[in-house]
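Residue strings, one per chain:
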Amino acid sequence: MNKFQPLDAYRRGKGETYKLLPLKFTPLDDSKYVVTNMAGEYHILARDALHAFVQKQLNTDSADYDDLKAKHFLIDSDSDVAVDLLALKVRTKYQRLSNFTGLHLFVVTLRCEHSCPYCQVSRQNDGQTQFDMSPEIAAKVLSLVFRSPSPNIKIEFQGGEPLLNFDLIKFIVRRASDINQVERRDLAFVIATNLSVVTDDMLEFCREYSIHISTSLDGPADLHNKNRPRPGNDSYQRAIAGINRVRDALGRDSVSAVMTTTATSLTRVRDIIDEYVSDGFHGIFLRPLSPYGFAIKTKWYAAYDHDKWLDFYFEGLDYVIELNRKGWPFREFYAATILAKMLTPFQPGFVDLMSPAGIGIGALAYNYDGNVFASDESRMLAEMHDNTFLLGNVQTNTYEQIILSNSLLNPLEASFTESVPMCSDCAFEPFCGADPVYHHATQGDFVGRKPLSGFCNRNMAIFKGLISRMEADTTTRELFYQWASR
(Lines give C-alpha, C1' and ligand atoms only; values in the text may rest on other atoms or scores of the structure.)
Protein backbone atom coordinates (compact mmCIF):
# COMPACT_ATOMS: atom_id res chain seq x y z
CA MET A 1 0.00 0.00 0.00
CA ASN A 2 1.42 3.37 -1.06
CA LYS A 3 1.71 6.01 1.64
CA PHE A 4 1.26 8.87 -0.82
CA GLN A 5 -1.10 9.70 -3.64
CA PRO A 6 0.41 9.95 -7.12
CA LEU A 7 1.82 13.39 -8.10
CA ASP A 8 -1.17 14.22 -10.31
CA ALA A 9 -3.40 14.18 -7.25
CA TYR A 10 -1.62 17.25 -5.93
CA ARG A 11 -1.83 19.31 -9.10
CA ARG A 12 -4.46 22.01 -9.23
CA GLY A 13 -7.23 21.51 -11.70
CA LYS A 14 -7.37 23.62 -14.84
CA GLY A 15 -10.43 25.42 -13.56
CA GLU A 16 -8.73 26.59 -10.40
CA THR A 17 -7.08 30.00 -10.26
CA TYR A 18 -5.54 32.40 -7.80
CA LYS A 19 -6.28 35.85 -6.48
CA LEU A 20 -3.85 38.75 -6.62
CA LEU A 21 -2.91 40.58 -3.45
CA PRO A 22 -1.96 44.30 -3.67
CA LEU A 23 1.19 44.75 -5.74
CA LYS A 24 3.17 47.26 -7.78
CA PHE A 25 5.73 46.77 -10.54
CA THR A 26 8.50 48.83 -12.11
CA PRO A 27 10.98 48.00 -14.90
CA LEU A 28 14.37 46.87 -13.64
CA ASP A 29 15.93 46.77 -17.11
CA ASP A 30 14.83 46.13 -20.70
CA SER A 31 13.49 42.65 -19.98
CA LYS A 32 12.83 42.31 -16.23
CA TYR A 33 10.46 43.89 -13.74
CA VAL A 34 10.56 44.38 -9.99
CA VAL A 35 7.28 43.43 -8.32
CA THR A 36 6.66 44.50 -4.70
CA ASN A 37 3.82 44.21 -2.19
CA MET A 38 2.65 46.34 0.73
CA ALA A 39 5.20 44.82 3.12
CA GLY A 40 8.16 45.43 0.81
CA GLU A 41 8.64 41.84 -0.32
CA TYR A 42 10.02 41.86 -3.86
CA HIS A 43 10.35 39.42 -6.74
CA ILE A 44 11.90 39.71 -10.20
CA LEU A 45 9.77 38.63 -13.17
CA ALA A 46 10.44 38.56 -16.89
CA ARG A 47 8.01 40.69 -18.88
CA ASP A 48 6.07 37.68 -20.23
CA ALA A 49 5.83 36.13 -16.77
CA LEU A 50 4.56 39.40 -15.30
CA HIS A 51 1.89 39.65 -17.99
CA ALA A 52 0.83 36.06 -17.35
CA PHE A 53 0.79 36.64 -13.59
CA VAL A 54 -1.50 39.67 -13.63
CA GLN A 55 -3.76 37.93 -16.17
CA LYS A 56 -3.98 34.97 -13.74
CA GLN A 57 -2.45 32.71 -16.36
CA LEU A 58 0.87 31.99 -14.65
CA ASN A 59 1.76 28.29 -14.58
CA THR A 60 0.91 27.12 -11.07
CA ASP A 61 3.73 24.56 -11.21
CA SER A 62 6.39 27.17 -11.97
CA ALA A 63 9.10 28.39 -9.60
CA ASP A 64 7.80 31.96 -10.02
CA TYR A 65 4.37 30.88 -8.81
CA ASP A 66 5.79 29.25 -5.68
CA ASP A 67 7.95 32.30 -4.90
CA LEU A 68 5.09 34.74 -5.42
CA LYS A 69 2.86 32.67 -3.17
CA ALA A 70 5.52 32.42 -0.45
CA LYS A 71 6.06 36.20 -0.56
CA HIS A 72 2.31 36.92 -0.30
CA PHE A 73 1.62 38.23 -3.79
CA LEU A 74 -1.29 35.81 -4.27
CA ILE A 75 -3.66 33.44 -2.52
CA ASP A 76 -5.20 30.26 -3.92
CA SER A 77 -7.41 27.44 -2.78
CA ASP A 78 -4.58 25.76 -0.89
CA SER A 79 -4.35 28.52 1.71
CA ASP A 80 -5.50 32.03 2.48
CA VAL A 81 -3.07 32.55 5.37
CA ALA A 82 -1.10 34.98 3.17
CA VAL A 83 -3.58 37.75 3.96
CA ASP A 84 -2.97 37.45 7.69
CA LEU A 85 0.79 37.19 7.24
CA LEU A 86 0.84 40.20 4.94
CA ALA A 87 -1.13 42.21 7.49
CA LEU A 88 1.32 41.18 10.21
CA LYS A 89 4.28 42.33 8.13
CA VAL A 90 2.61 45.66 7.37
CA ARG A 91 1.91 46.20 11.10
CA THR A 92 5.56 45.39 11.81
CA LYS A 93 6.60 47.93 9.18
CA TYR A 94 4.66 50.72 10.90
CA GLN A 95 5.23 49.77 14.53
CA ARG A 96 7.84 52.53 14.97
CA LEU A 97 5.11 55.15 14.64
CA SER A 98 3.70 54.34 18.07
CA ASN A 99 7.06 55.12 19.67
CA PHE A 100 7.18 58.56 18.05
CA THR A 101 10.25 60.80 18.40
CA GLY A 102 13.40 59.05 19.57
CA LEU A 103 16.14 61.35 18.21
CA HIS A 104 16.48 64.84 19.74
CA LEU A 105 19.05 67.23 18.28
CA PHE A 106 20.37 70.00 20.56
CA VAL A 107 22.07 72.86 18.71
CA VAL A 108 24.12 74.06 21.67
CA THR A 109 26.00 76.72 19.70
CA LEU A 110 26.45 78.12 16.20
CA ARG A 111 30.09 78.97 16.91
CA CYS A 112 32.73 77.11 14.93
CA GLU A 113 36.44 77.51 14.22
CA HIS A 114 36.15 75.80 10.80
CA SER A 115 34.99 77.60 7.65
CA CYS A 116 33.75 74.73 5.48
CA PRO A 117 32.35 76.12 2.19
CA TYR A 118 29.73 73.33 2.00
CA CYS A 119 28.50 73.92 5.56
CA GLN A 120 24.73 73.74 5.88
CA VAL A 121 24.59 76.07 8.88
CA SER A 122 25.17 79.82 9.25
CA ARG A 123 28.15 79.34 11.55
CA GLN A 124 29.39 82.13 13.80
CA ASN A 125 32.86 83.14 14.99
CA ASP A 126 34.35 81.67 18.15
CA GLY A 127 33.72 84.66 20.37
CA GLN A 128 30.03 85.24 19.58
CA THR A 129 28.54 83.58 22.66
CA GLN A 130 25.12 85.12 21.99
CA PHE A 131 24.65 82.16 19.66
CA ASP A 132 25.01 79.67 22.53
CA MET A 133 22.03 77.85 24.02
CA SER A 134 21.43 78.84 27.65
CA PRO A 135 20.87 76.42 30.56
CA GLU A 136 17.34 77.82 30.98
CA ILE A 137 16.40 76.97 27.40
CA ALA A 138 18.14 73.58 27.66
CA ALA A 139 16.08 72.71 30.75
CA LYS A 140 12.86 73.54 28.91
CA VAL A 141 13.95 71.47 25.93
CA LEU A 142 14.60 68.48 28.20
CA SER A 143 11.10 68.72 29.62
CA LEU A 144 9.80 68.33 26.05
CA VAL A 145 12.20 65.51 25.20
CA PHE A 146 10.82 63.27 27.91
CA ARG A 147 7.24 63.95 26.85
CA SER A 148 7.92 61.71 23.85
CA PRO A 149 6.49 58.20 24.43
CA SER A 150 9.54 56.58 22.84
CA PRO A 151 11.26 53.98 25.04
CA ASN A 152 14.55 54.95 23.35
CA ILE A 153 15.79 58.53 23.69
CA LYS A 154 18.94 59.64 21.89
CA ILE A 155 20.21 63.18 22.51
CA GLU A 156 22.67 64.43 19.90
CA PHE A 157 24.66 67.63 20.37
CA GLN A 158 25.27 69.67 17.25
CA GLY A 159 26.54 73.08 16.21
CA GLY A 160 28.54 74.87 14.95
CA GLU A 161 31.12 73.08 16.99
CA PRO A 162 29.30 71.83 20.11
CA LEU A 163 32.51 71.35 22.12
CA LEU A 164 32.83 75.16 22.21
CA ASN A 165 29.88 75.10 24.64
CA PHE A 166 30.90 72.00 26.54
CA ASP A 167 29.70 73.33 29.92
CA LEU A 168 26.15 73.24 28.57
CA ILE A 169 26.65 69.70 27.25
CA LYS A 170 27.63 68.63 30.76
CA PHE A 171 24.57 70.37 32.20
CA ILE A 172 22.22 68.63 29.74
CA VAL A 173 23.76 65.18 30.15
CA ARG A 174 23.64 65.32 33.94
CA ARG A 175 20.11 66.71 34.03
CA ALA A 176 18.83 64.20 31.47
CA SER A 177 20.45 61.36 33.42
CA ASP A 178 18.77 62.56 36.62
CA ILE A 179 15.37 62.75 34.91
CA ASN A 180 15.91 59.27 33.52
CA GLN A 181 16.25 57.84 37.01
CA VAL A 182 12.47 58.23 37.10
CA GLU A 183 11.64 57.87 33.38
CA ARG A 184 13.72 54.68 32.91
CA ARG A 185 14.20 55.14 29.15
CA ASP A 186 17.03 53.70 27.08
CA LEU A 187 19.00 56.97 27.08
CA ALA A 188 22.01 57.61 24.80
CA PHE A 189 24.14 60.65 23.98
CA VAL A 190 26.10 61.59 20.84
CA ILE A 191 28.35 64.59 20.19
CA ALA A 192 28.81 65.56 16.53
CA THR A 193 32.20 67.29 16.54
CA ASN A 194 35.17 67.97 14.28
CA LEU A 195 37.42 67.00 17.26
CA SER A 196 39.71 70.01 16.74
CA VAL A 197 39.21 71.36 20.27
CA VAL A 198 38.67 68.11 22.22
CA THR A 199 40.47 67.84 25.58
CA ASP A 200 41.24 65.06 28.04
CA ASP A 201 38.70 66.48 30.51
CA MET A 202 36.01 66.34 27.84
CA LEU A 203 36.86 62.73 27.05
CA GLU A 204 36.80 61.79 30.71
CA PHE A 205 33.27 63.19 30.99
CA CYS A 206 32.27 61.30 27.82
CA ARG A 207 33.67 58.10 29.31
CA GLU A 208 31.72 58.62 32.53
CA TYR A 209 28.40 58.95 30.66
CA SER A 210 29.13 56.59 27.72
CA ILE A 211 28.84 59.41 25.17
CA HIS A 212 29.44 58.39 21.55
CA ILE A 213 31.45 60.68 19.25
CA SER A 214 30.54 61.36 15.63
CA THR A 215 33.06 63.25 13.52
CA SER A 216 33.70 64.30 9.92
CA LEU A 217 36.29 62.71 7.67
CA ASP A 218 36.14 63.57 3.98
CA GLY A 219 39.08 61.46 2.88
CA PRO A 220 42.89 61.73 2.68
CA ALA A 221 44.67 64.76 4.14
CA ASP A 222 44.74 66.92 1.00
CA LEU A 223 41.05 66.36 0.24
CA HIS A 224 39.86 66.75 3.83
CA ASN A 225 41.84 69.95 4.39
CA LYS A 226 40.53 71.43 1.15
CA ASN A 227 36.93 70.60 2.02
CA ARG A 228 37.19 71.60 5.67
CA PRO A 229 39.55 74.60 6.03
CA ARG A 230 40.53 76.03 9.41
CA PRO A 231 43.39 78.24 10.67
CA GLY A 232 46.62 76.31 10.29
CA ASN A 233 45.23 74.12 7.49
CA ASP A 234 45.44 71.13 9.84
CA SER A 235 41.85 69.91 10.02
CA TYR A 236 42.79 66.38 8.88
CA GLN A 237 45.67 66.11 11.33
CA ARG A 238 43.44 67.23 14.20
CA ALA A 239 40.64 64.88 13.14
CA ILE A 240 42.91 61.81 13.00
CA ALA A 241 44.60 62.72 16.28
CA GLY A 242 41.17 63.25 17.84
CA ILE A 243 39.86 59.90 16.57
CA ASN A 244 42.84 58.12 18.12
CA ARG A 245 42.43 60.01 21.41
CA VAL A 246 38.73 59.11 21.57
CA ARG A 247 39.50 55.44 20.93
CA ASP A 248 42.19 55.39 23.59
CA ALA A 249 39.90 57.03 26.14
CA LEU A 250 36.49 55.54 25.30
CA GLY A 251 37.06 52.38 23.29
CA ARG A 252 37.55 51.32 19.68
CA ASP A 253 33.91 51.65 18.57
CA SER A 254 33.16 54.85 20.49
CA VAL A 255 33.72 57.09 17.46
CA SER A 256 32.17 57.07 13.98
CA ALA A 257 32.78 59.28 10.97
CA VAL A 258 30.78 60.73 8.08
CA MET A 259 31.95 62.20 4.80
CA THR A 260 30.45 64.68 2.37
CA THR A 261 30.96 64.41 -1.39
CA THR A 262 32.24 67.55 -3.09
CA ALA A 263 33.16 68.03 -6.75
CA THR A 264 36.78 67.33 -5.80
CA SER A 265 35.72 64.03 -4.22
CA LEU A 266 34.08 62.64 -7.35
CA THR A 267 37.24 61.11 -8.86
CA ARG A 268 38.60 59.83 -5.55
CA VAL A 269 36.08 57.44 -4.07
CA ARG A 270 38.63 54.63 -3.74
CA ASP A 271 41.06 56.97 -1.96
CA ILE A 272 38.29 58.00 0.42
CA ILE A 273 37.30 54.41 1.19
CA ASP A 274 40.96 53.42 1.62
CA GLU A 275 41.32 56.23 4.15
CA TYR A 276 38.41 54.86 6.18
CA VAL A 277 39.82 51.34 6.00
CA SER A 278 43.31 52.43 7.08
CA ASP A 279 41.81 54.42 9.96
CA GLY A 280 40.09 51.31 11.28
CA PHE A 281 36.46 52.11 10.48
CA HIS A 282 34.05 49.29 9.63
CA GLY A 283 32.08 51.17 6.99
CA ILE A 284 31.35 54.45 5.24
CA PHE A 285 28.29 56.52 4.37
CA LEU A 286 28.83 57.90 0.86
CA ARG A 287 26.84 61.08 1.32
CA PRO A 288 25.96 63.75 -1.28
CA LEU A 289 25.77 67.45 -0.58
CA SER A 290 22.45 68.80 0.71
CA PRO A 291 20.70 71.92 -0.64
CA TYR A 292 20.92 74.07 2.48
CA GLY A 293 22.95 76.86 4.06
CA PHE A 294 26.44 77.77 2.86
CA ALA A 295 26.38 74.90 0.37
CA ILE A 296 23.86 76.98 -1.60
CA LYS A 297 25.39 80.40 -0.97
CA THR A 298 28.86 79.25 -2.05
CA LYS A 299 27.46 77.31 -5.05
CA TRP A 300 29.10 74.07 -3.87
CA TYR A 301 25.75 72.27 -4.08
CA ALA A 302 25.56 73.10 -7.80
CA ALA A 303 29.12 71.90 -8.46
CA TYR A 304 27.98 68.48 -9.72
CA ASP A 305 24.76 66.83 -10.84
CA HIS A 306 23.06 63.67 -9.59
CA ASP A 307 24.39 61.50 -12.43
CA LYS A 308 27.98 62.31 -11.49
CA TRP A 309 27.29 61.53 -7.85
CA LEU A 310 25.66 58.22 -8.80
CA ASP A 311 28.76 57.28 -10.81
CA PHE A 312 30.81 58.11 -7.71
CA TYR A 313 28.46 56.12 -5.49
CA PHE A 314 28.36 52.94 -7.56
CA GLU A 315 32.13 52.96 -8.10
CA GLY A 316 32.45 53.17 -4.32
CA LEU A 317 29.84 50.48 -3.68
CA ASP A 318 31.51 48.07 -6.10
CA TYR A 319 34.87 48.77 -4.47
CA VAL A 320 33.38 47.98 -1.05
CA ILE A 321 32.00 44.70 -2.44
CA GLU A 322 35.47 43.96 -3.84
CA LEU A 323 37.05 44.56 -0.42
CA ASN A 324 34.63 42.10 1.17
CA ARG A 325 35.47 39.46 -1.43
CA LYS A 326 39.12 39.89 -0.51
CA GLY A 327 38.25 39.15 3.12
CA TRP A 328 38.00 42.71 4.49
CA PRO A 329 34.59 43.20 6.16
CA PHE A 330 33.39 46.71 5.36
CA ARG A 331 29.95 48.21 4.69
CA GLU A 332 28.42 51.10 2.80
CA PHE A 333 25.92 52.32 5.34
CA TYR A 334 23.33 53.90 3.04
CA ALA A 335 23.07 50.65 1.07
CA ALA A 336 22.86 48.70 4.34
CA THR A 337 19.97 50.92 5.49
CA ILE A 338 18.04 50.39 2.26
CA LEU A 339 18.76 46.66 2.30
CA ALA A 340 17.30 46.41 5.80
CA LYS A 341 14.04 47.74 4.33
CA MET A 342 14.26 45.45 1.31
CA LEU A 343 15.24 42.21 2.98
CA THR A 344 13.74 42.35 6.49
CA PRO A 345 10.30 43.29 7.87
CA PHE A 346 11.85 45.90 10.14
CA GLN A 347 12.38 49.61 9.58
CA PRO A 348 15.81 51.05 10.43
CA GLY A 349 14.34 54.46 11.36
CA PHE A 350 16.50 56.47 8.95
CA VAL A 351 14.66 59.81 8.76
CA ASP A 352 15.07 60.33 5.00
CA LEU A 353 13.58 56.90 4.20
CA MET A 354 10.41 57.02 6.28
CA SER A 355 6.77 57.33 5.27
CA PRO A 356 5.02 59.08 6.90
CA ALA A 357 8.03 61.39 6.66
CA GLY A 358 10.58 61.21 9.44
CA ILE A 359 10.30 64.90 10.28
CA GLY A 360 8.94 65.30 13.80
CA ILE A 361 8.16 61.59 14.04
CA GLY A 362 11.75 60.43 13.68
CA ALA A 363 13.61 63.49 14.96
CA LEU A 364 13.20 66.98 16.37
CA ALA A 365 15.82 69.75 16.31
CA TYR A 366 16.08 72.38 19.05
CA ASN A 367 17.93 75.51 18.05
CA TYR A 368 20.13 77.51 20.42
CA ASP A 369 17.34 80.10 20.85
CA GLY A 370 14.64 77.57 21.76
CA ASN A 371 13.05 77.31 18.34
CA VAL A 372 11.87 73.77 17.55
CA PHE A 373 12.18 72.43 14.02
CA ALA A 374 10.77 69.32 12.37
CA SER A 375 14.28 68.07 11.52
CA ASP A 376 17.89 69.15 11.36
CA GLU A 377 17.41 70.02 7.68
CA SER A 378 14.42 72.17 8.68
CA ARG A 379 16.68 74.10 11.01
CA MET A 380 19.22 74.55 8.21
CA LEU A 381 16.44 75.81 5.95
CA ALA A 382 15.53 78.39 8.62
CA GLU A 383 19.12 79.67 8.46
CA MET A 384 18.20 80.60 4.86
CA HIS A 385 15.26 82.65 6.25
CA ASP A 386 12.63 80.01 5.48
CA ASN A 387 10.67 79.05 8.61
CA THR A 388 8.20 76.73 6.88
CA PHE A 389 9.06 73.89 9.27
CA LEU A 390 9.34 75.94 12.47
CA LEU A 391 7.03 74.21 14.97
CA GLY A 392 7.26 76.63 17.88
CA ASN A 393 9.55 77.69 20.70
CA VAL A 394 10.14 75.91 24.01
CA GLN A 395 9.80 79.21 25.88
CA THR A 396 6.29 79.96 24.62
CA ASN A 397 4.73 76.72 23.33
CA THR A 398 3.65 73.48 24.97
CA TYR A 399 4.57 70.01 23.77
CA GLU A 400 1.06 69.56 22.37
CA GLN A 401 1.20 72.86 20.47
CA ILE A 402 4.56 71.95 18.96
CA ILE A 403 3.71 68.37 17.95
CA LEU A 404 0.26 69.30 16.62
CA SER A 405 1.54 72.33 14.71
CA ASN A 406 0.28 72.63 11.16
CA SER A 407 3.91 73.18 10.18
CA LEU A 408 4.36 69.48 10.97
CA LEU A 409 0.96 67.96 10.23
CA ASN A 410 0.51 69.54 6.80
CA PRO A 411 3.76 68.26 5.24
CA LEU A 412 3.25 64.85 6.86
CA GLU A 413 -0.20 64.53 5.33
CA ALA A 414 0.80 65.90 1.95
CA SER A 415 3.88 63.72 1.49
CA PHE A 416 2.56 60.29 2.56
CA THR A 417 4.08 58.15 -0.20
CA GLU A 418 1.24 55.64 -0.36
CA SER A 419 -1.03 58.40 -1.70
CA VAL A 420 1.43 60.68 -3.54
CA PRO A 421 1.22 60.75 -7.37
CA MET A 422 3.88 58.50 -8.95
CA CYS A 423 5.05 57.25 -5.53
CA SER A 424 1.80 55.34 -5.00
CA ASP A 425 2.38 53.40 -8.24
CA CYS A 426 6.12 52.88 -7.85
CA ALA A 427 7.36 49.40 -6.95
CA PHE A 428 10.19 50.99 -4.96
CA GLU A 429 7.81 52.91 -2.68
CA PRO A 430 8.14 50.38 0.22
CA PHE A 431 11.90 50.98 0.28
CA CYS A 432 11.77 54.74 -0.13
CA GLY A 433 10.48 57.59 2.01
CA ALA A 434 9.10 61.10 1.92
CA ASP A 435 11.38 64.11 2.26
CA PRO A 436 9.12 67.18 2.26
CA VAL A 437 11.94 69.45 3.48
CA TYR A 438 14.16 68.57 0.52
CA HIS A 439 11.34 68.99 -1.98
CA HIS A 440 10.24 72.28 -0.45
CA ALA A 441 13.83 73.54 -0.58
CA THR A 442 14.37 72.48 -4.21
CA GLN A 443 10.90 72.79 -5.74
CA GLY A 444 8.83 74.87 -3.33
CA ASP A 445 6.40 72.01 -2.71
CA PHE A 446 6.13 69.31 -0.02
CA VAL A 447 5.60 66.56 -2.60
CA GLY A 448 7.71 67.78 -5.49
CA ARG A 449 7.52 66.81 -9.15
CA LYS A 450 9.03 63.35 -9.08
CA PRO A 451 10.57 63.32 -12.59
CA LEU A 452 12.55 66.42 -11.56
CA SER A 453 13.34 65.28 -8.02
CA GLY A 454 16.99 64.60 -7.25
CA PHE A 455 15.88 62.67 -4.16
CA CYS A 456 13.63 60.43 -6.24
CA ASN A 457 16.02 59.87 -9.15
CA ARG A 458 18.96 59.18 -6.84
CA ASN A 459 17.09 56.64 -4.73
CA MET A 460 15.47 54.84 -7.67
CA ALA A 461 18.89 54.38 -9.25
CA ILE A 462 20.27 52.97 -6.00
CA PHE A 463 17.31 50.61 -5.51
CA LYS A 464 17.78 49.25 -9.04
CA GLY A 465 21.53 49.04 -8.56
CA LEU A 466 21.26 47.03 -5.35
CA ILE A 467 18.68 44.61 -6.75
CA SER A 468 20.62 44.16 -10.01
CA ARG A 469 23.78 43.30 -8.10
CA MET A 470 21.92 40.77 -5.94
CA GLU A 471 20.30 39.15 -8.98
CA ALA A 472 23.57 38.94 -10.87
CA ASP A 473 25.75 37.41 -8.17
CA THR A 474 24.89 35.08 -5.28
CA THR A 475 28.00 36.10 -3.31
CA THR A 476 26.90 39.74 -3.41
CA ARG A 477 23.40 38.70 -2.41
CA GLU A 478 24.74 36.85 0.63
CA LEU A 479 26.87 39.87 1.54
CA PHE A 480 23.87 42.19 1.26
CA TYR A 481 21.81 39.91 3.50
CA GLN A 482 24.58 40.19 6.09
CA TRP A 483 24.48 43.99 5.87
CA ALA A 484 20.70 44.02 6.20
CA SER A 485 20.63 41.71 9.21
CA ARG A 486 23.17 43.81 11.09
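Residues numbered from 1 in each chain as written. Predicted model: local features only at pLDDT ≥ 70, side-chain atom pairs only at ≥ 80, totals over all residues. Heavy atoms only, no water.

### Things to note about the sheet that holds strand β15 (residues 390-393)
Threshold: Only strands that DSSP links by at least two bridges are regarded as paired with each other. Numbering of helices and strands runs from the N terminus, with a helix taken as a DSSP run of H or I at least four residues long and a strand as a DSSP run of E at least two residues long. Between the N-to-C directions of two axes lies an angle of 0 to 180 degrees, each axis being a line fitted to C-alpha atoms and, for a helix, fitted only over the stretch in contact. Contacts are assigned to residue pairs with any non-hydrogen atoms lying within 4.5 Å of each other.
Spatial ordering of the open sheet is given by β10-β9-β8-β7-β6-β13-β14-β15, a layout of eight strands whose pairing is mixed. For this open sheet the edge positions go to β10 (255-258) and β15, each flanked by a neighbour on one side alone. With direction set aside, neighbouring strand axes in the sheet form an average angle of 25 degrees. Note that strand β14 (residues 371-373) and β15 share three bridges and pair antiparallel. By the bridge assignment for β15, N371 is matched with N393. Each of β9 (212-216) and β10 is contacted by helix α8 (residues 235-250), which is oriented at about 170 degrees to β9, the strand it contacts most.

### Topic: the side chain of S177
Convention followed: With a 1.4 Å probe rolled over the protein chains alone, any residue whose accessible area is under 20% of its type maximum counts as buried; one over 50% counts as exposed, and the rest are partly exposed. A 3.5 Å cut-off defines polar contacts: any pair of N or O atoms within that distance qualifies, except that in protein one atom must be a possible hydrogen donor and the other a possible acceptor, and neighbouring residues in sequence count only when both atoms are side-chain atoms.
Topologically, S177 is positioned in helix α5 (residues 166-183). Residue S177 is classed as buried on the basis of its relative accessible area of 16%. A distance of 2.8 Å separates a polar atom in the side chain of S177 from the backbone oxygen of V173. Residue contacts for S177: discarding those within four places in its chain leaves L187, F189 and Y209.

### What about empty space enclosed by the protein?
This is how it is decided: Every definition here rests on a 1 Å grid over the protein atoms only: cavities are sets of points where a 1.4 Å probe fits but cannot get out, pockets are open sets enclosed by protein on both sides within 12 Å along at least five of seven lines, and lining residues have some atom within 4 Å of a point. Grid points are joined across faces, edges and corners, and a volume is the space filled by probe spheres set on the points. Residue polarity is assigned by list, with Asp, Glu, Lys and Arg as charged and Ala, Val, Leu, Ile, Met, Phe, Trp, Tyr, Cys and Pro as nonpolar; anything else, Gly included, falls into the polar class.
A full pass over the atoms with the stated rule returns two cavities of 30 Å³ or more. Size it by volume and the largest cavity reaches roughly 150 Å³. Together, 15 residues line the largest cavity, and K93, Y94, Q347, M354 and S355 are the ones closest to its centre. The residue makeup of the lining of the largest cavity, split by class, is seven nonpolar, three polar and five charged. Considering the residues around the second largest cavity, the lining is formed by S415, T417, V420, C423, G433, A434, D435, P436, H439, F446, V447 and K450. Split by residue class, the lining of the second largest cavity holds six nonpolar, four polar and two charged.

### Here we look at the sheet that holds strand β2 (residues 23-27)
Spatial ordering of the open sheet is given by β2-β3-β4, a layout of three strands whose pairing is antiparallel. The outermost strands of the open sheet, each flanked by one partner alone, are β2 and β4 (42-46). Adjacent strand axes in the sheet meet at a mean angle of 30 degrees, parallel and antiparallel pairs treated alike. Where strand β3 (residues 32-37) meets β4, five bridges bridge the pair, whose relative direction is antiparallel. Considered in β4, the bridge of V35 is made with H43.

### Structural notes on the side chain of S150
Within the fold, S150 resides in the loop between α4 (135-145) and β7 (152-158). If we ignore the near neighbours within four places in the chain, the residues touching S150 are N99, F100, T101, G102 and R185.

### Quick word on unusual backbone geometry
For residues besides glycine, phi is generally negative; the peptide bonds are generally trans as well. Cis geometry is found at the peptide bond from G159 to G160, where omega equals 15 degrees. Assignment of secondary structure puts G160 in the loop between β7 and α5. Residue P356 follows S355 across a cis peptide bond; omega there is 0 degrees. Relative to the assigned elements, P356 resides in the loop between α12 (333-343) and β13 (363-366). Phi is positive for K56, which is not a glycine, with a value near 60 degrees. Summarising the element assignment, K56 is placed in the loop between α1 (47-54) and α2 (63-70). Accessibility expressed as a relative area gives 41% for K56, which makes it partly exposed.

### Here's the deal with the packing of α4 against α5
When two helices pack together, their arrangement is given by the angle between the helix axes and the distance between those axes. Worth spelling out the cut-off: Oblique is the label for any angle not under 35 degrees, not over 145, and not in the 65 to 115 range, which are roughly parallel, roughly antiparallel and roughly perpendicular in turn. Take the far helix as the reference: if the near one is turned anticlockwise from it by less than a right angle, the crossing is left-handed, and if turned clockwise, right-handed.
The geometry of α4 relative to α5 is characterised by a closest axis approach of 10 Å and an angle of 30 degrees between their N-to-C directions. For the element pair α4 / α5, the angle class is roughly parallel. For α4 against α5, the interelement crossing comes out right-handed. Seen from α4, the contacting residues are P135, A138, A139 and L142; seen from α5, they are L168, F171, I172, R175, A176 and I179. Class assignment of the residues belonging to the contact of α4 with α5 gives a composition of nine nonpolar, no polar and one charged.

Everything listed is a geometric property; what it means functionally is a separate question.
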